[in-house]
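A look at the structure
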Amino acid sequence: MPKTVNQNIKPITTKRNNLGNLEISGCDLTDIAKKYGTPLYVMDEVTLRQVAREYKNAFSSYKKTNMMFASKALMTSRIAQILFEEGFGFDVVSGGEIYTVHHAGIDLSHATFNGNNKTKDEIETALKLNIGRVSVDNFLEIKMLDEEAKKQNKVQKILLRITPGIECHTHKYIQTGHLDSKFGFDLTQIDDVINLIKNECSNLEIKGLHAHIGSQIFETRVYYDEIGVLIKELKRINTTHNLNLNEINAGGGLGITYVGSDCPPSIDTIANVIITSIKDHCEKFEIEEPVLYIEPGRSIVGTAGVTLYTIGSFKQVPNGRKYIAVDGGMADNPRPSMYEAKYYAEIANFKNTKDTEKVTVAGRFCESGDILIKDIDLNSPETGDILCVYNTGAYGYSMSSNYNRVLKPAMILVNNSQSDIIIKRETYEQLVQNDVLN
Ligand code: LLP
């Protein structure tokens, strides 16, 4: 039995109703597809709030924990409001994410600004909105940030992003903690960074260290080791430079269950590993327990989201595969084509048979690589059926595009048999609104 939401494939309220249709939080997905059209992103508020509470409970024994949702996984104004209500702050990485959090009525003091090439404008906006922390990534940024802080007559609290030298077994595009990474300072550069800030940047105040080791992680040991590196380095810096840094940010990365063979640890397990590592290493290095930041993204919003598609054309390759094509694909979910990501799906509407057929679900975009799911057994798929693809809440909408000039889907939030639009479907007028004719 799954212990926490990230160990489920489906939103926790998913079931077949008495008509034989799939429903989530009491909303019949076949009706929803008819009402709002497809493709359609559906977010289950119950699952979302449940996972947020699981994080809160899992870390409740470590009182100095700050939970920051990694906005890059899914940022909309309504999602930001819900997670803020559940006690989360935000990891933001762009002017757009900052603007959305602000638009949701949330004070940016609850946010950390990350990124390896923040622009001058973004830094100016972040500081004007009193961003809580900036995680400084490189030498250029230190100068830019100090200049801007001086201009605005304030002292900006910062973390130093480090590359902890930890490799985890995830897709190479989403590993970040290994030494040959574009993110953060190598540990051998930290003394220079601190001397530069101490001697030349009077408007920056270093509070601690930040690291992120990768995404869709199933191992626990890597978190134990990462915390070890952060605390050891904190101690070394404090001793060498006579400072009193007391914050660590462990980043995000906890995996979720896209398909049955995935087995991520529970949120409780990860919390225990992190907290145990803090205690062990603080004792070992004789340092006070630091303030902890965590930045989960995927494991917060992934499982709560599904995408509904309508099945259209079929192609049977002679003596080969059978393709079924849906009305979306790589523009609303680029993960299969980018990372060979796997997904599970079911026909949402009632089928008058138990027969299954092995098919490959293709997208509608003009690219052979636009395959959403390779070889899946579906319950007798036919044109007009509604296909529900699970686990699309993270990095689906947030990485979507208008490839082939196709409109971005709408997103709805379901709860208690009610559905509300939280992102409207794009229109053709919006598509051309920035086009300039002669
Ligand atoms: N903190 C930092 C500094 C990050 O770079 C990331 C993700 C996170 C937190 C959140 O990680 P999560 O808990 O979501 O694993 N587009 C890829 C994932 C890229 C993740 C980038 N950084 C995908 O679709 O798999």
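As shown above, the structure is provided for reference.
What counts, and at which threshold
- Residues numbered from 1 in each chain as written.
- Predicted model: local features only at pLDDT ≥ 70, side-chain atom pairs only at ≥ 80, totals over all residues.
- Heavy atoms only, no water.
- Helix = DSSP H or I, 4+ residues; strand = E, 2+ residues; numbered from the N terminus.
- Buried < 20%, exposed > 50% of the residue type's maximum accessible area, 1.4 Å probe, protein only.
- Contact = heavy atoms within 4.5 Å.
- Core = buried A, V, L, I, M, F, W, Y, C linked by side-chain atoms within 4.5 Å.
- Arc of directions from axis to C-beta.
- Salt bridge = Lys/Arg side-chain N within 4 Å of Asp/Glu carboxyl O.
- Phe/Tyr/Trp six-rings, centres within 6.5 Å; stacked < 30°, edge-to-face > 60°.
- Lys NZ or Arg CZ within 6 Å of the ring centre and 35° of its normal.
- Near = heavy atom within 4 Å.
- Polar contact = N/O pair within 3.5 Å; in protein donor to acceptor, adjacent residues only side chain to side chain.
- Areas by Shrake-Rupley, 256 points an atom, 1.4 Å probe, with all protein chains shown as cover.
- Nonpolar A, V, L, I, M, F, W, Y, C, P; charged D, E, K, R; others polar.
- Axes fitted to C-alpha atoms, helices over the stretch in contact; angles between N-to-C directions.
- Parallel < 35°, antiparallel > 145°, perpendicular 65-115°, else oblique.
- Left-handed = near helix turned anticlockwise from the far one by under 90°.
- Pairing = 2+ DSSP bridges.

Glancing now at the environment of isoleucine 190. With respect to the helices, strands and loops of the structure, isoleucine 190 is situated in helix 7 (residues 190–200). Judged by relative accessible area, isoleucine 190 falls into the buried class, the value being 0%. Sequence spacing of isoleucine 190 and isoleucine 237 is 47 residues, and the spatial spacing of their C-alpha atoms is 8.4 Å. What isoleucine 190 contacts, discounting residues up to four positions off in sequence, is Leu160, Ile162, Phe185, Glu233, Arg236 and Ile237.

Turning our eyes to something else, we now look at the nonpolar core. Counting residues in each nonpolar core, the largest one holds 89 residues, and the members touching the most others are Phe90, Leu160 and Val301. When residues no more than four places from it in sequence are discounted, the contact partners of leucine 160 are Val136, Ile190, Val193, Ile194, Ile197, Ile206, Gly208, Leu209 and His210.

Listing the buried residues of helix 5 (residues 120–128) in full gives Glu122, Ile123, Ala126 and Leu127. For helix 5, the buried positions fall inside an angular range of 130° around the axis, keeping them on one side. Along helix 5, exposed side chains directed more than 90 degrees from the buried face belong to Asp121 and Lys128. The secondary structure elements touched by the buried residues of helix 5 are helix 4 (95–103), strand 7 (111–113), strand 8 (133–136), helix 6 (139–151) and strand 9 (156–161). Looking one or two places after helix 5, you find asparagine 130, whose phi comes out positive at around 60°.

It is worth spelling out the pattern of salt bridges at this point. Close approach of charged atoms allows side chains of opposite charge to pair. On inspection of all chains with the given rule, the structure shows 25 salt bridges. A salt bridge links lysine 151 to glutamate 148; the shortest N-O distance between them is 3.7 Å. You can see lysine 151 and its partner glutamate 148 sitting in helix 6, 3 residues apart, about one turn around the helix. By relative accessible area, which is 59% here, lysine 151 ends up exposed. Through salt bridges with shared partners, a single ionic network connects Glu45, Arg49, Arg53, Glu85 and Glu86.

Once that is clear, we can look at the environment of asparagine 130. Locating asparagine 130 in the fold gives a position in the loop between helix 5 and strand 8. For the pair asparagine 130 and threonine 188, spaced 58 residues apart in sequence, the C-alpha separation works out to 31 Å. Ignoring sequence-local partners within four residues, the contact set of asparagine 130 consists of Leu108, Ser109 and Lys154.

Looking now at the packing of aromatic side chains. Going through the model one piece at a time under the given rule, you end up with 7 aromatic pairs. Positioned over the ring face of phenylalanine 113 is lysine 118, at 5.5 Å from the centre of the ring. Geometry around phenylalanine 365 places arginine 364 over its ring, the cationic atom sitting 6.0 Å from the centre.

All right, on to the site of the ligand then. Around the ligand, a shell composed of 18 residues is seen, among which Ser215, Glu295, Arg298, Arg335 and Tyr395 lie nearest. Within the side chain of serine 215, a nitrogen or oxygen atom sits 2.3 Å from an oxygen atom of the ligand. Between the ligand and glycine 297, the relevant distance is 2.8 Å, taken from an oxygen atom to a main-chain nitrogen or oxygen of the residue. The fraction of the free accessible surface of the ligand (580 Å²) that becomes covered by protein chains is 92%. Looking at the shell around the ligand residue by residue, the classes come out as 6 nonpolar, 6 polar and 6 charged.

Contact pair helix 2 (residues 45–58) / helix 9 (residues 267–284): the axes reach a minimum separation of 9 Å and the direction vectors enclose 30°. In terms of orientation, helix 2 lies roughly parallel with respect to helix 9. Crossing handedness for the pair helix 2 and helix 9: right-handed. Side by side, helix 2 and helix 9 meet where Val51, Glu54, Tyr55 and Ala58 of the first sit next to Ile267, Asp268, Ala271 and Ile275 of the second. Residue composition of the contact of helix 2 with helix 9, grouped by class: 6 nonpolar, no polar and 2 charged.

Moving on: the sheet that holds strand 3 (residues 27–28). Strand order in this open sheet of 3 strands is 1-2-3, and the pairing throughout is antiparallel. Each edge of the open sheet carries a strand with a single partner, namely strand 1 (15–16) and strand 3. Pairing of strand 1 with strand 2 (residues 22–24) involves 2 bridges; the strand directions are antiparallel. Counterpart to lysine 15 in the pairing with strand 2 is glutamate 23.

It is worth spelling out unusual backbone geometry at this point. Residue proline 39 is bonded to the preceding threonine 38 through a cis peptide linkage, with omega at -10°. Of note, proline 39 is situated in the loop between helix 1 (29–36) and strand 4 (40–44). Unusually for a residue other than glycine, aspartate 375 sits at a positive phi of about 50°. Relative to the helices and strands, aspartate 375 is located in strand 17 (residues 371–378). Positioned with a positive phi, asparagine 416 is a non-glycine residue whose angle comes to about 55°. For asparagine 416, the position within the fold is in the loop between strand 19 (410–415) and strand 20 (418–423). On the basis of relative accessibility, which here comes to 65%, the residue asparagine 416 falls in the exposed class.

Moving on: the packing of helix 5 against helix 6. Look at helix 5 against helix 6: their axes get within 10 Å of each other, and the N-to-C directions meet at 45°. Classified by the interaxial angle, the pair formed by helix 5 and helix 6 is oblique. Judged by the twist between their axes, the crossing of helix 5 over helix 6 is right-handed. Contacts between helix 5 and helix 6 involve Lys120, Ile123, Glu124 and Leu127 from the former and Glu141, Met144, Leu145, Glu148, Ala149 and Lys151 from the latter.

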